[in-house]
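If you want the building blocks of each chain, they are given just below.
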Amino acid sequence: MAAHLDTRLLRAFVVVAEELHFTRAAARLFVAQQALSRDVRRLERELGADLFVRTTRQVTLTADGERLLPYARRVLAAQDELLAAFGEARPLLVDLNSPGLVTGRRVLHRARELAPQCELMARFESGLTGAAGELLAGRLDASFGRFAGLDPVLRTQLEQQPVRYEPMAVVLPEDHRLASLTEVPLAELAGETVYAGAGNPRTPEWTDLARRLFEGRGVRIAPPMPLAVGDEEFERIMAKMRRPILAVVDFPAMPATVVRPLVDPVPWSLVSLVWRKGLVHPGFEALRRAAAELAAAERWLHRPVEGWIPAIDLDAAGTK
């Protein structure tokens, strides 16, 4: 048997034991049923015992499952008591990348409603790669971004929960030749040089997504430029360069620019909630629950079959 058990696995077991139904248990835990089944099987392997009898008609506890249930409940109760006693010692620090981006901000606002007793504070690290170092150092607790674009070594030290397929867009100077269109077909960008954060050490995951999108389409990625810190400097540099910017449809407005969705096909950016492994905080489950609630209510993880997204991102979402 494993010397240390992940309490997350025990919580999965207890909820399934209470519901005796994997679909209902997954809904309570705000996880995919497949992920919940994996967690239960992992716990069974670590304990060296079958905990449930599964048939097409019902789920029941085995004798070992019945024996484990009171122990698991006591462990989880002790953990909850400990968190209640010490959880307010510090706020949960949540990176939203940049002010004005919608997805992370809405998740954070909903989490604050779900856990009003906790302090959940926003931070702005500009990109997920930049945030990843802060997560691993313990200076941040969670972030949002393209998990599949992180260095593989970083990914092994982090966990993620897919939240939203965001439709991508292009930000254009208001007098650009394509600005009069309500939607910009990808083919119309041929011959353009588009800014996608090249050279920015905080956002290589976004530049990688741009390279995959533009490959074979005749679109060039703008070369690295001096890193602009702050919204005012970014807007000034972009106004000076007068180049299209690869963005998402909810990109905040900038002076003298328009945001136009990309189509034919619609490219999608998968945004995940990302955190360091082993994170324990009383506000963290509220953050995960808020992400799952919004994803379900807004159909954020519904992706039309004709859309474009790299296979590596589908793998990260577990939907390939």
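Owing to the predicted nature of the structure, the values given are computational and were not obtained by experimental measurement.

K.L.:
For this particular structure, what's the right way to read the environment of L29?
P.N.:
Structurally, the position occupied by L29 is in helix α2 (residues 22–29). Along the chain, L29 and R11 lie 18 residues apart, while their C-alpha atoms are 8.9 Å from each other.

K.L.:
Quick question: what am I supposed to make of the packing of helix α1 (residues 7–19) against helix α3 (residues 33–47) here?
P.N.:
What describes two packed helices is the angle between their axes and the distance between those same axes. Packing of α1 against α3 leaves a shortest axis separation of 9 Å and a crossing angle of 110°. Put simply, α1 runs roughly perpendicular to α3. Two packed elements cross with a definite hand, and for α1 against α3 that hand is left-handed. Contacts between α1 and α3 involve R8, L9, L10, A12, F13 and V16 on the former and, on the latter, L36, D39, V40, R42, L43 and E46. When its residues are assigned to classes, the contact of α1 with α3 shows 8 nonpolar, no polar and 4 charged.

K.L.:
Looking at this structure, how should I read the nonpolar core?
P.N.:
Generally speaking, soluble globular proteins have nonpolar side chains that are buried together. The biggest cluster of nonpolar side chains holds 24 residues, and the ones touching the most others in it are V94, V107, L120, F144, L273 and L287. It is helix α10 (residues 284–298) that contributes the most residues to this core, 7 residues altogether. Not counting chain neighbours up to four residues away, the residues in contact with F144 comprise V94, D95, L96, N97, G104, V107, L128, V271, S272 and L273. Grouped together as the second largest cluster of nonpolar side chains are 23 residues, A12, A26, V59 and A72 included.

K.L.:
Please clarify how the pairing of strand β3 (residues 92–95) should be interpreted in this entry.
P.N.:
For a regular strand, side chains alternate in direction, first toward one face of the sheet and then toward the other. Side-chain alternation along β3 places L92 and V94 on one buried face and L93 and D95 on a second face that is also buried. One ladder, built from 4 bridges, connects β3 with strand β4 (residues 120–123); its direction is parallel. Note that in β4 the partner of V94 across the bridge is A122. One crossover worth recording links β3 to the parallel β4 by way of helix α5 (residues 102–114), and it is right-handed.

K.L.:
What's the story with the packing of α1 against α2 in this structure? I'm lost.
P.N.:
Look at α1 against α2: their axes get within 8 Å of each other, and the N-to-C directions meet at 130°. On the basis of their axis angle, the class for α1 and α2 is oblique. The element α1 and its partner α2 pack so that their crossing is right-handed. Contacts between α1 and α2 involve R11, A12, V15, V16, E18 and E19 from the former and F22, R24, A25, R28 and L29 from the latter. Residue classes in the contact of α1 with α2 are distributed as 6 nonpolar, no polar and 5 charged.

K.L.:
Which parts of the structure should I look at to understand α10?
P.N.:
For an α-helix the count is 3.6 residues per turn, leaving residues at separations of three or four pointing the same way. Spanning 15 residues, α10 covers 21 Å between terminal C-alpha atoms, matching the ideal 21 Å at 1.5 Å per step. Among all positions in α10, only F284, A286, L287, R288, A290, A291, A292, L294 and A295 are buried. Following α10 by one or two positions, R299 adopts a phi angle in the positive range, close to 55°.

K.L.:
How do you make sense of α5 when you look at a structure like this?
P.N.:
With 13 residues, α5 should reach 18 Å at 1.5 Å per residue; the first-to-last C-alpha distance of 19 Å fits that figure. Burial in α5 covers these residues: V102, T103, G104, V107, L108 and A111. Buried-residue contacts for α5 involve β3, β4, β5 (142–145), β6 (158–173), β12 (268–276) and α10.

K.L.:
Sorry if this is basic, but what is going on with unusual backbone geometry here?
P.N.:
Leave glycine aside and you will find that most residues have negative phi; peptide bonds, for their part, are mostly trans. With an omega of -5°, the peptide bond running from D264 to P265 counts as cis. By secondary structure assignment, the location of P265 is in the loop between β11 (257–263) and β12. Even without glycine at this site, D264 takes up a positive phi of about 55°. With respect to the helices and strands, the residue D264 is situated in the loop between β11 and β12. Residue D264 is classed as exposed on the basis of its relative accessible area, which comes to 60%.

The rules we used
- Residues numbered from 1 in each chain as written.
- Predicted model: local features only at pLDDT ≥ 70, side-chain atom pairs only at ≥ 80, totals over all residues.
- Heavy atoms only, no water.
- Helix = DSSP H or I, 4+ residues; strand = E, 2+ residues; numbered from the N terminus.
- Axes fitted to C-alpha atoms, helices over the stretch in contact; angles between N-to-C directions.
- Parallel < 35°, antiparallel > 145°, perpendicular 65-115°, else oblique.
- Left-handed = near helix turned anticlockwise from the far one by under 90°.
- Contact = heavy atoms within 4.5 Å.
- Nonpolar A, V, L, I, M, F, W, Y, C, P; charged D, E, K, R; others polar.
- Core = buried A, V, L, I, M, F, W, Y, C linked by side-chain atoms within 4.5 Å.
- Buried < 20%, exposed > 50% of the residue type's maximum accessible area, 1.4 Å probe, protein only.
- Pairing = 2+ DSSP bridges.
- Right-handed = clockwise from strand over helix to strand, strands pointing away.
- Expected span 1.5 Å × (residues − 1).

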